[in-house]
Amino acid sequence: MKPIFVQLRCKPGKTYEVADEIYKTELVSELYSTSGDWDLLLKIYVEDDEEIGHFVNEKIASIANIERSLTTITFRAF
């Protein structure tokens, strides 16, 4: 398993609805509300052979009221 971090920008006033839908998927390890340009931060563990782009687009970014996503792939924990 490898960790990725996904930041989401939601439509105005829809952050809590998006967070609830993401929580229901049981795909995320951690889910945070954030300040600044992005509304939510997700930590997700994906299988080593999982195609990250397809995973994020099909299972996360397709959730209603998400305007934009930013995925960060990690390589090593220090």
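Our structure's up above, just so we're on the same page.
One structure accompanies this document, and this report is about it. As the structure is a prediction and not an experimental result, all values here were calculated from the model. (Residues numbered from 1 in each chain as written. Predicted model: local features only at pLDDT ≥ 70, side-chain atom pairs only at ≥ 80, totals over all residues. Heavy atoms only, no water.)

What to know about the overall build of the protein chain
The helix and strand tally for the protein chain stands at two helices and four strands. The helix and strand sequence of the protein chain, counted from the amino end, reads β-α-β-β-α-β. What you see for the protein chain is a C-alpha radius of gyration of 12 Å, in line with the 12 Å of a compact globule of 78 residues. Seen along its three principal axes, the alpha-carbon backbone of the protein chain occupies a region of about 35 × 25 × 20 Å. Burial status across the protein chain gives 27% buried among its 78 residues. Taking as baseline every contact in the protein chain between residues at least 6 positions apart, the subset at least 24 positions apart corresponds to 67%. Computing the positive centroid from 9 side-chain charges and the negative centroid from 14, the protein chain places the two 4 Å apart. (Helix = DSSP H or I, 4+ residues; strand = E, 2+ residues; numbered from the N terminus. Rg over C-alpha atoms; globule rule 2.2 N^0.38 Å. Buried < 20%, exposed > 50% of the residue type's maximum accessible area, 1.4 Å probe, protein only. Contact = heavy atoms within 4.5 Å. Lys, Arg positive; Asp, Glu negative; His and termini not counted. Charge placed at Lys NZ, Arg CZ, Asp CG, Glu CD.)

With respect to helix H2 (residues 52–60)
What sets the pattern is the α-helix's 3.6 residues per turn: residues three or four places apart point alike. Listed as buried for H2 are Ile 52, Phe 55, Val 56 and Ile 60. Down the axis of H2, the buried side of the element spans an arc of 90 degrees, and every buried residue falls inside it. Close packing links the buried residues of H2 with strand E1 (2–10), strand E3 (40–46) and strand E4 (66–73). (Arc of directions from axis to C-beta.)

Notes on the pattern of salt bridges
A full pass over the atoms with the stated rule returns three salt bridges. For the salt bridge of Glu 21 with Lys 24, the shortest nitrogen-to-oxygen distance reads 3.2 Å. With Glu 21 and Lys 24 both in helix H1 (residues 15–25) and three residues apart, the pair spans about one turn of that helix. (Salt bridge = Lys/Arg side-chain N within 4 Å of Asp/Glu carboxyl O.)

Section: the packing of aromatic side chains
Tallying each qualifying case throughout the model produces zero aromatic pairs. Lying over the aromatic face of Trp 38, Arg 9 brings its terminal NZ or CZ to 4.6 Å of the ring centre. (Phe/Tyr/Trp six-rings, centres within 6.5 Å; stacked < 30°, edge-to-face > 60°. Lys NZ or Arg CZ within 6 Å of the ring centre and 35° of its normal.)

Things to note about the nonpolar core
If you look at the biggest cluster of nonpolar residues, it comprises 18 residues, and the most contacted ones within it are Val 6, Leu 8, Ile 22, Leu 40, Leu 42 and Ile 44. If you list the elements that add at least two residues to this core, you get E1, H1, E3 and H2. (Core = buried A, V, L, I, M, F, W, Y, C linked by side-chain atoms within 4.5 Å.)

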